[in-house]
Amino acid sequence: MKIEHTAIIGMGAVGTVYAKRLYDRYGDQFFAIAQGERAQQLLTRGAVLDGAALFPRVCEPGPDAGPADLILICVKNYQLDGAIEALRPFVGEHTVLLPLLNGVTATARLRAAFPGVLVLCGLAMALDAVRSESGVQHSSDGELHFGMEDTTQFLAEVTAVEEHLRSAGLCPRVFMQMQPAVWKKWMLNVGLNQVSALTGATYGDFTYMPEAMALAESAMREVLHLAQAAGIALTEADIQAIPPVVAAMLPAGKTSMLQDIEAGRPTEVEAFSGEVLRLGRQYGVSTPVNQLLYHLLRVKEQTGLRRQSR
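These lines cover the structure that appears in this document, whether it is placed above or below. Note that the coordinates shown come from a computational prediction; the quantities given were computed from them, not determined experimentally. (Residues numbered from 1 in each chain as written. Predicted model: local features only at pLDDT ≥ 70, side-chain atom pairs only at ≥ 80, totals over all residues. Heavy atoms only, no water.)

1. Considerations on the overall build of the protein
Selection criterion: A run of H or I in DSSP becomes a helix once it reaches four residues, and a run of E becomes a strand once it reaches two; helices and strands are each numbered from the N terminus. Values of the radius of gyration come from C-alpha atoms, whereas the globule rule sets the reference at 2.2 Å times the count of residues to the power 0.38. In this scheme, a residue with accessible area under 20% of its type's maximum is buried, one over 50% is exposed, and one in between is partly exposed, where area comes from a 1.4 Å probe on protein chains only. In this description, contact between two residues means that some pair of their heavy atoms is separated by no more than 4.5 Å. Only the protein chains shown count as cover for residues, and all accessible areas are computed by the Shrake-Rupley method using a 1.4 Å probe. The charge count includes Lys and Arg as positive and Asp and Glu as negative, but it does not include His or the ends of the chains. Positions of charges follow a simple convention, taking NZ of Lys, CZ of Arg, CG of Asp or CD of Glu.
When its secondary structure is counted, the protein shows 13 helices and 13 strands. The globule rule puts the C-alpha radius of gyration for 310 residues at 19 Å, and the 19 Å found for the protein is close to it. Summarising its shape, the C-alpha atoms of the protein cover approximately 50 × 50 × 35 Å along the three principal directions. Residues classed as buried in the protein amount to 51% of the 310 residues present. Excluding contacts between residues fewer than 6 apart, the proportion of contacts in the protein whose partners are at least 24 apart in sequence is 72%. Counting only carbon and sulfur atoms, one obtains 52% of the accessible surface of the protein, whose full area is about 14,000 Å². The centroid of the 26 positive side-chain charges in the protein is displaced by 5 Å from the centroid of its 32 negative side-chain charges.

This is how it looks when you write it as structure tokens:
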């Protein structure tokens, strides 16, 4: 497989960083999928990364759209249904879809929407981008982890994607078993993202305030119990490995969920504690910490959205 035309849908913090690399390397062979007001914003003001604007080719869904070889999906979980409809004109028989959403449901939702199309599992790891009204600031691209949930050999398409991304200056890493990695990052998000959104804690706060990390670990431990019920290979050691990772991050850095709360944007609470509660009911696992976090975050989110609308 040869990848010639690559697209991104979702030009937020993650999407803007990756778009910059792909646009610089591939020019008009790369394009952003957007529509309506967002498309006009990208056409007139571009996307701003570290103070510099970039103007990738913008394609809106329509009858003139053609399939891309690779599409990176960088929207939020609550935006995925709308993104799926926008993607349809750009998805062909040989298109590869690479979702980079938080949570554990995106790949399955995309496979249901596009049967027969190769949908990978993907994660943006250690990318420290911060999005504000003036644009996106970041200091590290991190790594892009992807692959299939469980496979005994690399698909030719996976190798092609890796080479294409590496040629753009990104740091892709292919994993033979992505399902544990996806759950591990979801577990981290359930803990750190939600506690930070409620408390305002930065990465440094989690390191210097043991109470913050203890609360996050309590939420993560419920995900661990769910993983054990679902047959996913996570252990207590995976939780204990998280504090050193957080300690290595920029102390003033903020989780994406805290950034959303501070900006009065919707959050991914349904993909975090909301999904924990759903799986808890499915597997008969008690999830009281996430039940409390869910209700607190829903109140905090809705209060912020109401204030923004005034």
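2. Quick word on the side chain of Q194
Relative to the helices and strands, Q194 resides in helix α6 (residues 179-199). Apart from the residues lying within four places of it in its own chain, the contact partners of Q194 are N189, M257, V269, F272, S273, N290, L293 and L297.

3. Thoughts on the packing of aromatic side chains
To be explicit about the condition: Ring pairs are drawn from Phe, Tyr and Trp, using the six-membered ring of Trp, whenever the two centres fall within 6.5 Å, and their geometry is named by plane angle: stacked under 30 degrees, edge-to-face over 60, tilted for the rest. For a lysine, the NZ atom is tested; for an arginine, the CZ atom; a charge sits over a ring if that atom is within 6 Å of the ring centre and within 35 degrees of the ring normal.
Applying the stated criterion across every chain, the model contains 2 aromatic pairs. Ring centres 5.7 Å apart and planes at 45° place the aromatic pair F31 and F90 in the tilted group. Of the two residues, F31 sits in strand β2 (residues 30-33) while F90 sits in the loop between α3 (80-87) and β7 (96-99), which places them 59 residues apart along the sequence. Aromatic side chains W183 and W186 sit 5.2 Å apart centroid to centroid with 85° between the ring planes, which places their arrangement in the edge-to-face category. In this pair, W183 and W186 are both assigned in helix α6, 3 residues apart and thus about one turn of the helix distant. Judged by relative accessible area, W186 falls into the buried class, the value being 0%. It is R88 that lies over the ring of F114; its NZ or CZ is 5.1 Å from the centre.

Functional significance is not addressed by these values, which are geometric in nature.
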